[in-house]
Each structure stands twice: as C-alpha cells, then as structure tokens.
Amino acid sequence: MAVSGGDEYDVIVVGAGPVGENVADQVVHGGLSALVVERELVGGECSYWACIPSKALLRPAAALADARRVDGAATAVRGGPNPEQVLARRTAFVHNWSDDSQVGWLDSAGIALVRGTARLVGERQVEIRTRDGGARRVTARQAVVVATGSRAVVPDVPGLAEADPWTSRDATSATAVPDELAVLGGGVVGCEMATAFASLGSRVTLIARGTSLLPRLEPFASELVLTGMRAAGVDVRLGAMVAAVERDATGVRIELADAETTRTVRADEILVATGRVPAVDGLGLEVAGVVDLQVDDSCRVVGVDWLYAAGDVNGRALLTHMGKYQARACGAAIVARAGGDAAEPAPWSRYAATADHAAVPQAVFTDPEVGAVGLTEAEARDAGLPVRAVEYDLAQVAGASLFADGYLGRAKFVIDAEREVIVGATFVGATSAELVHAATIAIVGEVPLSRLWHAVPSFPTISEVWLRLLEAYSS
C-alpha cells in the first residue's frame, strides 16, 4: 500500500471526542496548528452513545416522577413516557448520529480533520489508514496526543460473547424497547440503563456480582438507589454470579449460579455493563517504548516527552467532564512547552489536572438521583485522614419537602477534622446532582468550615442542607 506523507502539524490529536476536541482547541488558541484524526464520529462516545443519549432517555421519566410527587400536579399525569417519542427525542439529541455540526465546528476553529485509524510509527510520526483504503503519514512538530477514550468490557462468561450482547452503545442507540431486558452490572451504566428501560416499559432484571449497587459511592447512596429501583419494578439480583449465557430463537437464557442453587433468567436482550478499559489496541504505543500507559498531571506520558494521553485512555477518571478538564491542562502545557516554558505540572496550576486525585464530581441519573464529589468516608479513612462525617435527611429541608411530597434523600459531608475542610460530599434525592458543584468548589478551594458558615443558602431551597450539615458538625 502506498503511503503518502510530508504533512506536518504542531500537534496531532488521535481521537475527536470531547477530550480531543478540547486539546485541539486549546493548542490552536495558543497559536499552534492541530490535526485531529477520528475513525468514527467527531464528538465521540459522549455525544452519540453515552452521556447525551442516556440522559435523553432518562429525563422524560424523571419529569413525570417529579410531577407525580406533587399533590395538585399528580392528577395531571396520565401513564408513563411514550417510548416512541422518547426514542425520537434521543435521536434528535444525537443528530441522528450525524457529526456534520461538529465537523463544521472543527473547521470554524481552524482545526484540520482526517477520518481514519491512526497508529504511531516513529517519534512524533503517525500513520493514518484512511476510509478510502489509503495510508497517510503525518509528523507532529511538538506533540502527539492520544485521546481515544475507552471501550466496554465483555466478561469471559461461557456463551456471553456468542449471545450477541448489548453494550452501552446498543442500549443508548436502541430503536425499540425490549419486552424483557437483563442488565449485567450494578455500576453507573447498569443502574441508569435499568432505570431508563424500566420507565419505557421493559421488565428489567439487574444482575450484580457485588452485594450493593454503585459500590464506589457511600453505602446510603447504594441503599436508596436500590430502594428506588425495586419500587420501579426492577428485579435486582445482588451477589449473583453468571454461570452461562445462551441465545436461542426465543431470546437469551442466563444461568445464575451460587454455592447452593442455579437459577435461570430469560430476556429478549442482555446488556453488559461491567466496566470499561482504555482503548489502546492498535495505537502502536510500543513504538514509543510504552508498555504500561502512565501519565503525569499534565497528561504527558511518563518517559516520553512528546507523547500525551488525555481522558478515559489514561485511566485516571473515566468521566467526560474530567477528560475535558485534563484536555485543558494538557493543551495549556503543550502550548507553554512549545514556547520554551517547562510548564511543570505543579498542583492546582493551569498545567495540572490535580482534581483527578481527590475532587472528582459525578452525577448518577437514577431515581433517586445521586451527586457526589471527592472522597467517601471509607476512602478518606484509608488515606489516613482524621475524618469526621456528618449526615442529614434531605426530606427535613424545607426546599426538599416543597419540591416533592414524601421526598426521599440524604446528604453527607466527609470532613478533615484537623484542617476543618470538606474532602467529600454525597447528595441523594431529586435534583441532587445540581448540589454537587458547590461542594466541588468547597473541596477544590479548601474552604474552611468557619468561612462556609457565611455562605448563606437561599430559603426555601434544597441547598439549605449545607447549613444543616454545618450545624450537625458543630453540635
């Protein structure tokens, strides 16, 4: 195959998802040239198969649930979400899986695009297999940035791969709602998709190996989400091991095994939501001597001064907003280094993704909703911090009781008692994800509790839980 070459750019970015787009935008704004290589759709996983379509599937049911919980509005609610309209709204949000608008944005930003599959072939050199079957070699004068994201893992369970399982991509791009859906995995994707499809009329069975849902969150968050999921009709099987899977003409048969019994679950489709791994296959990282991909806080690959890896691919914090945050630090560092500045990634500098370590916010759009940032109490204790934790029933806050009759929720602060700063916060309840950013600011800014007393929450809002938690700490 003939390989055309000779093209040079200051920065070559492999992957045009939100992370790659942000890196390219940063370096172009800094006066450098950038080429982005994308093998699928510009906009990446988040835009077409993850954050955007999943929230579009979840929002209609949440809106109806909010109305049902308010006396005077509940009587206006008739039935559940309309599946066809929900799927159509989802499809509108992903622009029918067309990336024309995002390609237009790249062009307006002065960022070059090549569609194809990229791999490293030498120092600062990338070979692109283009969609027309050709090959093109390009050189980066300053840096190559890998922003290829992550891929879903399909466990090595007998018959599972052969049963043509759904991954999150299939779930968020589904064109019809299965009568019966089995979900493997009790993490964020599993819980959100079980919630979405149950609301659309599927009989959902969620199968999790662990003894709780959302195991990386505070235990009370797991318990409240489990209660909400079962109330919505989801059959949740905790501590369940899948022994085998088989697809036949009638659907999928899943054999669950434990020490005493084997039980069968039947479904039309099975969704595997058991985790994700960095998408590094075929990138040619070995050419740069990279065996175990590790990066510093500027996302520069350890031991390779011209190679960077940002977003899910570096395994630090697999969330779109954290990937975009890393991209900003990474892009700023590349621009500074191109100008001769060492741009050392000192903590909390513009060249460092410091928040990756202890201030990662996330939202889980189940019913009830979960918002969390920073360390759980267990993580803080494991880190050796002098921990004191306080909790409060969100239903006792005036704003919450006004928001919904029978509001169900809870909030928790994890506090470093020596420095008297918040190091972790978790909120569970309707709209609780909207409480997280204030906690993120408090944690990143290391705002002393003595100063937080002067941050007066508006009455009557759910944010008044901040005052109640401070009171609980001081009592």
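The preceding data block contains the structure.
Residues numbered from 1 in each chain as written. Predicted model: local features only at pLDDT ≥ 70, side-chain atom pairs only at ≥ 80, totals over all residues. Heavy atoms only, no water.

Q: An account of the nonpolar core is requested, with residue identities and associated values reported.
A: Counting 35 residues, the largest nonpolar core has F197, V204, L206, L213, M229 and V234 as its most contacted members. Elements with a minimum of two residues in this core: α3 (51-68), α4 (83-93), β7 (180-184), α7 (188-199), β8 (203-207), α8 (219-231) and β17 (370-374). With sequence-adjacent residues up to four places away left out, V234 is seen in contact with A194, A198, V204, L206 and M229. In this structure, A359, A404, Y407 and V436 belong to the second largest nonpolar core, which totals 34 residues. (Core = buried A, V, L, I, M, F, W, Y, C linked by side-chain atoms within 4.5 Å. Buried < 20%, exposed > 50% of the residue type's maximum accessible area, 1.4 Å probe, protein only. Helix = DSSP H or I, 4+ residues; strand = E, 2+ residues; numbered from the N terminus. Contact = heavy atoms within 4.5 Å.)

Q: Could you give me a rundown of the packing of aromatic side chains, with the residues and numbers involved?
A: Summed over all chains, the structure comprises five aromatic pairs. With a centroid separation of 5.8 Å and an interplanar angle of 55 degrees, the aromatic rings of W166 and F197 are classed as tilted. Placement of W166 in the loop between β6 (150-152) and α6 (168-172) and of F197 in helix α7 is noted, with a sequence separation of 31 residues between them. In this structure W166 comes out as buried when scored by relative accessible area, which is 12%. Geometry around W49 places R169 over its ring, the cationic atom sitting 3.6 Å from the centre. (Phe/Tyr/Trp six-rings, centres within 6.5 Å; stacked < 30°, edge-to-face > 60°. Lys NZ or Arg CZ within 6 Å of the ring centre and 35° of its normal.)

Q: Account for the sheet that holds strand β11 (residues 251-257), naming residues and giving values.
A: If you walk across this open sheet you meet the three strands as β10-β11-β12, and the pairing is antiparallel. The strands lining the two open edges of the sheet, one partner per strand, are β10 (241-248) and β12 (262-267). Each adjacent strand pair in this sheet contributes to an overall mean axis angle of 20 degrees, direction not counted. When β10 meets β11, the two strands line up antiparallel, connected through seven bridges. The partner of D248 across the bridge, within β11, is G251. (Pairing = 2+ DSSP bridges. Axes fitted to C-alpha atoms, helices over the stretch in contact; angles between N-to-C directions.)

Q: Break down the side chain of E369 for me, with residues and values.
A: Of note, E369 is situated in the loop between β16 (361-364) and β17. No salt bridge forms around the buried E369; measuring N to O, its nearest opposite-charge neighbour R59 is 6.4 Å away. A polar atom in the side chain of E369 sits 3.0 Å from the backbone nitrogen of A433. (Lys, Arg positive; Asp, Glu negative; His and termini not counted. Salt bridge = Lys/Arg side-chain N within 4 Å of Asp/Glu carboxyl O. Polar contact = N/O pair within 3.5 Å; in protein donor to acceptor, adjacent residues only side chain to side chain.)

Q: Give me unusual backbone geometry: which residues, what numbers.
A: Note the cis peptide between D367 and P368, where omega equals 10 degrees. Within the element layout of this structure, P368 appears in the loop between β16 and β17. Here the bond from F459 into P460 is cis, since omega is -5 degrees, no more than 30 degrees from zero. As for its position among the elements, P460 is in the loop between α13 (449-452) and α14 (465-474).

Q: So what about the environment of D71? Which residues, and what values?
A: Mapped onto the secondary structure, D71 falls in the loop between α3 and α4. On the accessibility criterion, D71 (69% relative accessible area) is exposed. A C-alpha to C-alpha distance of 54 Å links D71 and V145, two positions 74 residues apart in sequence.

Q: A description of the pattern of salt bridges should follow, citing residues and the corresponding values.
A: If you walk through the whole model with that rule in mind, you get 31 salt bridges. The residue E45 makes a salt bridge to R169 at a minimum N-O spacing of 2.8 Å. With a gap of 124 residues between them, E45 in helix α2 (residues 44-49) and R169 in helix α6 connect regions that are remote in the sequence. Looking at E45, the relative accessible area reads 21%, which means it is partly exposed. Of the charged contacts, one joins K412 and E377 as a salt bridge, the two residues approaching to 2.7 Å between their closest N and O atoms. Of the two residues, K412 is situated in strand β19 (residues 410-416) and E377 in helix α10 (residues 377-382); the sequence distance between them amounts to 35 residues. By relative accessible area, which is 5% here, K412 ends up buried. Salt bridges here are not isolated pairs; linked through shared partners, they connect E218, E377, R381, E391, R410 and K412.

Q: Residue-level account of the sheet that holds strand β9 (residues 235-237), with values.
A: The four strands lie next to each other as β9-β8-β7-β13, forming an open sheet whose pairing is parallel. Edge positions in the sheet fall to β9 and β13 (269-272), since each has one partner strand and no second. Each strand of the sheet is rotated relative to its neighbour by a mean of 15 degrees, with strand direction disregarded. Note that β7 and β13 share four bridges and pair parallel. Within the sheet, the bridge partner assigned to L181 lies in β13 and is E269. Running at roughly 165 degrees to β8, α7 makes contact with β7, β8 and β13 of the sheet.

Q: Which residues make up the environment of A74, and what values go with them?
A: The topology assignment puts A74 in the loop between α3 and α4. A sequence separation of 140 residues divides A74 from L214, and the C-alpha atoms of the two residues are 30 Å apart. Ignoring sequence-local partners within four residues, the contact set of A74 consists of A67 and R68.

Q: Go over the packing of α3 against α4, please, and point to the residues and values.
A: Between α3 and α4, the shortest axis-to-axis distance is 9 Å and the interhelical angle comes to 150 degrees. Considering the angle they form, α3 stands roughly antiparallel to α4. Note on packing geometry: the crossing formed by α3 with α4 is right-handed. Counted together, I52, P53, A56, L57, R59 and P60 of α3 and V86, L87, R89, R90 and F93 of α4 form the full contact between these two elements. (Parallel < 35°, antiparallel > 145°, perpendicular 65-115°, else oblique. Left-handed = near helix turned anticlockwise from the far one by under 90°.)

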